[in-house]
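Here is how the chains run, residue by residue.
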Amino acid sequence: MKRSFENKICVITGAAGGIGRELALELARQGAHLALSDVNSEQLTKTQSDARDLGAEVHATRLDVADHDSIYAYAEVVEAHFGKVHQLYNNAGVSGTGELADMSEELIQRVIDINLLGVLHGSRAFLPRLVKSGEGTLINISSLNGFAGMPGLPVYCATKFGVRGLTEALRADALLHGDPVQIVCVHPGGIKTNIARANIGVLSELPPETRELRLRQLDFYENKLLTYPADKAARDILHGVARRKSRIVITRQAKTLDRIARLFPSGYLKILNKYMQRELVAENSEL
């Protein structure tokens, strides 16, 4: 049976922009009530206002998911405000571009704190409440980089593979105990958001030749991969959640890469590398 979002209490982290904002607006259109959070208070207020205009009751809070203690306090606030929680969308994330040797210890830790530990603690804080609702859903946002590695993204890939493993293990626990909760891992491909450029200032610290390569890779990601509209990605996620899917892969490129990685687990990186080299050379020749 298709699941309805009407009158469901839905929690979304990273709701100020990108997929998080579009999830909030689409859920509002479908009759849900929202608990929204983000570190960007100004943009979060805009999402809150727009969702309210669509008829949703909205509770908005500034939250940095890298502050893990605050996640538990936030879960208590949301439950106190709405009385229950039906769905959690662990969406907040950062890119963390750079080869391992080029990344500062501070940047590595922040990417891990937000992308992986933020999801872990969010799941831990809200999962008992989702189970208590009797119809809860935990939705963790991984990435195509949760099943396939890419150059220049070792820490990001580590966190997204981690989200995948965490989510699948949580689903295994829920099945073992017969908990009334749906646990979903989402693997978006190239979604058109600002996440890739969010940490571009870090590139200024790199040697000139390394910085040039990273900028070319960034242009490649934006022009060739990060093209799928965020509002369409949000609808795809909700479509999968409504049909009780446990794994949602978004974009044609991500679905293709998923198949290649499963068919050629030892060789898919060579295939991907040849494609990227060809595209980078072609793009450079056009400059």
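Throughout, a residue's number is its position along its own chain's written sequence, starting from 1. Local features in this predicted model are restricted to residues whose pLDDT is 70 or higher, and side-chain atom pairs enter the listing and the counts only when it is 80 or higher, whereas totals over whole chains, interfaces and linings include all residues. Calculation of side-chain values draws on the structure's entire complement of heavy atoms; hydrogens and water are dropped beforehand.

Engineer: Would you mind showing me how to read the overall build of the protein here?
Structural biologist: Secondary structure elements follow DSSP: runs of H or I of four or more residues count as helices, runs of E of two or more count as strands, with numbering from the N terminus. Counting its secondary structure elements, the protein contains nine helices and seven strands. Here the analysis covers contacts within the protein between residues at least 6 apart in sequence; of these, 72% occur between residues at least 24 apart. Accessibility throughout is a Shrake-Rupley quantity obtained with a 1.4 Å probe, and a residue counts as covered only by protein chains that appear here. Put simply, the protein shows about 13,400 Å² of open surface, and 52% of that area lies on carbon and sulfur atoms. Residue contacts are defined here by distance: any two heavy atoms, one from each residue, within 4.5 Å place the two residues in contact.

Engineer: How should the sheet that holds strand β6 (residues 181-188) be read in this particular structure?
Structural biologist: To summarise the sheet geometry, strands pair through backbone hydrogen bonds and adopt either a parallel or an antiparallel arrangement. Pairing within the open sheet is parallel, and its seven strands lie in the order β3-β2-β1-β4-β5-β6-β7. Strands at the two margins of the open sheet, each flanked by one partner only, are β3 (58-62) and β7 (247-250). Each strand axis lies, on average, 15° off the axis of its neighbour in the sheet, ignoring direction. Strand direction decides the pairing type here: strand β1 (residues 9-12) and strand β4 (residues 87-90), joined by three bridges, are parallel. Looking at the pairing, V11 lines up with L88 of β4. To get an axis, a line is fitted to the C-alpha atoms, and for a helix only the part in contact is used. The angle between two axes follows their N-to-C directions and goes from 0 to 180 degrees. Running over the sheet, helix α1 (residues 18-29) touches β1, β2 (33-38), β4 and β6 and is turned about 170° from β1. Here helix α3 (residues 68-82) sits on the sheet and contacts β1, β2 and β3; the angle it forms with β2, its principal contact strand, is near 155°. Note: two strands are recorded as paired if DSSP finds a minimum of 2 bridges between them.

Engineer: When you look at the packing of α1 against helix α2 (residues 41-53) in this model, what are you seeing that I'm missing?
Structural biologist: Each pair of packed helices gets described by two things: the angle between the helix axes and the distance between those axes. Taken N-terminus to C-terminus, the directions of α1 and α2 make an angle of 15°; their axes are 9 Å apart at the nearest point. When the axes of α1 and α2 are compared, the pair comes out roughly parallel. Taken as a pair, α1 and α2 cross one another with a handedness that is right-handed. Contacts between α1 and α2 involve R21, A24, L25 and A28 on the former and, on the latter, K46, T47, D50 and A51. What sets the label is the angle itself: under 35 degrees gives roughly parallel, over 145 gives roughly antiparallel, 65 to 115 gives roughly perpendicular, and the rest give oblique. Note: crossing handedness is left-handed where the near helix turns anticlockwise from the far helix by less than a right angle, and right-handed where it turns clockwise.

Engineer: Can you walk me through a nonpolar patch on the surface in this structure?
Structural biologist: Two distance rules govern patches: like charges are joined within 9 Å, and nonpolar side chains (Val, Leu, Ile, Met, Phe, Trp, Tyr) within 5 Å, applied only to residues with over 30% relative accessible area and no salt bridge. Any carboxyl oxygen of Asp or Glu within 4 Å of a side-chain nitrogen of Lys or Arg constitutes a salt bridge here. Where nonpolar side chains cluster on the molecular surface, the patch consists of L263, F264 and I271 and spans about 310 Å² of accessible area. Mapping F264 onto the fold places it in the loop between α8 (252-263) and α9 (268-285). Buried means the residue's accessible area, taken with a 1.4 Å probe over protein chains only, is under 20% of the maximum for its type, while exposed means over 50%, and partly exposed covers the values in between. The partly exposed category is assigned to F264, whose relative accessible area is 45%.

Engineer: It is not clear to me how the pairing of strand β5 (residues 136-141) should be interpreted in this structure. Could you clarify?
Structural biologist: Both faces of the sheet carry side chains from a regular strand, because those side chains alternate between them. With respect to burial, β5 is a largely interior element, six of its six residues being buried. By the alternation rule, side chains of β5 split into G136, L138 and N140 and T137, I139 and I141, which are all buried. Note: β4 against β5, four bridges, orientation parallel. Looking at β5, one finds that L88 is bridged to L138. With helix α4 (residues 105-133) bridging β4 and its parallel neighbour β5, the resulting β-α-β unit is right-handed. In this structure, β5 lies alongside β6, joined through six bridges in parallel fashion. Within the sheet, the bridge partner assigned to N140 lies in β6 and is C185. By convention, orient the strands away from the viewer: a clockwise path from the first strand over the helix to the second makes the crossover right-handed.

Engineer: Is there a simple way to explain the side chain of T137 in this structure?
Structural biologist: Mapped onto the secondary structure, T137 falls in strand β5. The class of T137 is buried, set by a relative accessible area of 0%. Apart from the residues within four sequence positions on either side, T137 is in contact with R3, H86, Q87, L88, L130, V181, Q182, V184 and V241.

Engineer: Can you walk me through unusual backbone geometry in this structure?
Structural biologist: When glycine is set aside, most residues are seen to have a negative phi, and most peptide bonds are trans. Positioned with a positive phi, R244 is a non-glycine residue whose angle comes to about 60°. Relative to the assigned elements, R244 resides in the loop between α7 (230-242) and β7. Judged by its relative accessible area of 45%, R244 is partly exposed. We note that T251 has phi near 90°; this positive angle belongs to a residue other than glycine. Along the chain, T251 falls in the loop between β7 and α8. Owing to a relative accessible area of 4%, T251 belongs among the buried residues under this scheme.

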